[in-house]
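In case you want the letters, here they are:
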Amino acid sequence: MSRRKRLVIGISGASGAAIALEILRLCKALRLDTFTTVSAAAERTIQLELGDVARREIHDLATQEYAASDVAAPISSGSFQVNAMIVAPCSMRSLAAIAYGTGEGLLARAADVTLKERRQLVLLAREAPLHEGHLEAMLKVTRMGAIVAPPVPPFYLSHSTIEEMTRQIAARALATAGIDPGDSLRRWTGEPA
Ligand SMILES: Cc1cc2nc3c(=O)[nH]c(=O)nc-3n(C[C@H](O)[C@H](O)[C@H](O)COP(=O)(O)O)c2cc1C
């Protein structure tokens, strides 16, 4: 495998498209290779939450973006070498597809491949409140080796803007996927004296 870390990023149609954008910005700054796929529903949420310019930025930041329906894309095969996959944000629909290994669409297929190859899969699952089906799917993917990491705001770090908080959530997602986010991750160092 090349020395540059390689990451698959699945963007699904849960709220929080800005988190995906921040992850991609961080990956670019860290010189990681990124392979992305954006679900049809995510096209809507990106448009609604961020707009055209951000959609283009998401496309341009990726090393390679694959169409949501392109189940023949390299990331649909375990032989394509990557370090980890992050789904950010992860909708309950995509969570369920991953939990039950449906492999329907490229995002779910790439996640399934990540699990079968025993690579790190981090799901920034976003919904509230949660019903039993959501919780069951979270338990199921956890037992299969994924990490469910809901994008909850780290209030204890006292960020002053939503952008700072989003960046922190993005940096934390990279750390959870085994990628050192460097100085972009603010860490708790104990109570100030
Ligand atoms: C503005 C907006 C926000 C949404 N937020 C969520 C959410 O936070 N969590 C969720 O599970 N679905 C959310 N949805 C619904 C999903 O987009 C929908 O279930 C979709 O089928 C998910 O498909 P995907 O997993 O293939 O992206 C939202 C939809 C819209 C339009």
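Residues numbered from 1 in each chain as written. Predicted model: local features only at pLDDT ≥ 70, side-chain atom pairs only at ≥ 80, totals over all residues. Heavy atoms only, no water.

The name given to the protein in an unreviewed UniProt entry is Flavin prenyltransferase UbiX, and the organism recorded there is Roseibium aggregatum. UniProt, in the comment section headed Function (unreviewed entry), describes the protein in these words: "Flavin prenyltransferase that catalyzes the synthesis of the prenylated FMN cofactor (prenyl-FMN) for 4-hydroxy-3-polyprenylbenzoic acid decarboxylase UbiD. The prenyltransferase is metal-independent and links a dimethylallyl moiety from dimethylallyl monophosphate (DMAP) to the flavin N5 and C6 atoms of FMN." As its UniProt record puts it under Sequence similarities (unreviewed entry), the protein is described as follows: "Belongs to the UbiX/PAD1 family." (UniProt positions renumbered as here; feature names shortened; annotations may be inferred.)

*Asks:* Go over the nonpolar core, please, and point to the residues and values.
*Replies:* Counting residues in hydrophobic clusters, the biggest one holds 33 residues, and the most contacted among them are L7, I11, I23, I86, L124 and L174. Within the residue set of this core, elements represented by two or more residues are β1 (6-11), α1 (17-29), α2 (40-49), α3 (52-61), β4 (84-90), β5 (120-125) and α7 (162-176). Top element by residues in this core is α1. It accounts for eight residues. Apart from residues no more than four positions distant in its own chain, I23 is found in contact with I9, I86, A88, A170, A173 and L174. Y66, A73, V82 and L107 belong to the second-largest nonpolar core, a separate cluster that totals 26 residues. (Core = buried A, V, L, I, M, F, W, Y, C linked by side-chain atoms within 4.5 Å. Buried < 20%, exposed > 50% of the residue type's maximum accessible area, 1.4 Å probe, protein only. Helix = DSSP H or I, 4+ residues; strand = E, 2+ residues; numbered from the N terminus. Contact = heavy atoms within 4.5 Å.)

*Asks:* Residues and numbers for the pairing of β5, please.
*Replies:* Of all six residues making up β5, five are buried, and the element is well covered by its neighbours. Taken together, the five bridges between β4 and β5 define a ladder with parallel strand orientation. Looking at the pairing, A84 lines up with Q120 of β5. Bridge analysis of β5 against strand β6 (residues 147-148) gives two bridges, and the strand direction is parallel. Pairing of V122 across the sheet is with I147, part of β6. Handedness of the crossover joining β5 and β6 through helix α6 (residues 132-143): right-handed. (Pairing = 2+ DSSP bridges. Right-handed = clockwise from strand over helix to strand, strands pointing away.)

*Asks:* So what's going on with the pairing of β4? Which residues, and what values?
*Replies:* With seven of seven residues buried, β4 is to be regarded as a mostly interior element. Where burial is concerned, the two faces of β4 agree: the one with A84, I86, A88 and C90 and the one with M85, V87 and P89 are both buried. As paired elements, β1 and β4 share four bridges and run parallel to each other. Bridge pairing in β4 links G10 to V87.

*Asks:* Can you break down α6 residue by residue, with the values?
*Replies:* Compared with the 16 Å implied by 1.5 Å per residue over twelve residues, the 16 Å span of α6 between its first and last C-alpha is a close match. If you check which residues of α6 are buried, you get H134, A137, M138 and V141. For α6, the buried positions fall inside an angular range of 100° around the axis, keeping them on one side. In this structure, α6 carries E132 and R143 as exposed residues pointing more than 90 degrees from its buried face. Lining the buried residues of α6 we find α4 (92-99), β5 and β6. Note on α6: the residue one or two positions beyond its end, G145, has a positive phi of about 115°. (Expected span 1.5 Å × (residues − 1). Arc of directions from axis to C-beta.)

*Asks:* Give me the site of the ligand: which residues, what numbers.
*Replies:* The environment of the ligand is made up of 14 residues, and the closest members are G13, S39, S91, S94 and R126. Residue S15 places a main-chain N or O atom 3.1 Å away from a nitrogen atom belonging to the ligand. Considered on its own, the ligand offers 640 Å² of accessible surface; in the complex 69% of this is hidden by protein. If you list the elements that add at least two residues to the shell around the ligand, you get α2 and α4. Here the residues of the shell around the ligand sort into four nonpolar, seven polar and three charged. (Near = heavy atom within 4 Å. Polar contact = N/O pair within 3.5 Å; in protein donor to acceptor, adjacent residues only side chain to side chain. Areas by Shrake-Rupley, 256 points an atom, 1.4 Å probe, with all protein chains shown as cover. Nonpolar A, V, L, I, M, F, W, Y, C, P; charged D, E, K, R; others polar.)

*Asks:* Please give an account of the packing of α4 against α6 that cites residues and values.
*Replies:* Relative to each other, α4 and α6 sit at 45°, their axes nearing to 9 Å. Relative to α6, the element α4 is oriented oblique. When you trace α4 past α6, the crossing you get is left-handed. On α6, the residues touching M92, L95, I98 and A99 of α4 are H134, A137, M138, K140 and V141. Residues belonging to the contact of α4 with α6 are distributed by class as follows: seven nonpolar, one polar and one charged. (Axes fitted to C-alpha atoms, helices over the stretch in contact; angles between N-to-C directions. Parallel < 35°, antiparallel > 145°, perpendicular 65-115°, else oblique. Left-handed = near helix turned anticlockwise from the far one by under 90°.)

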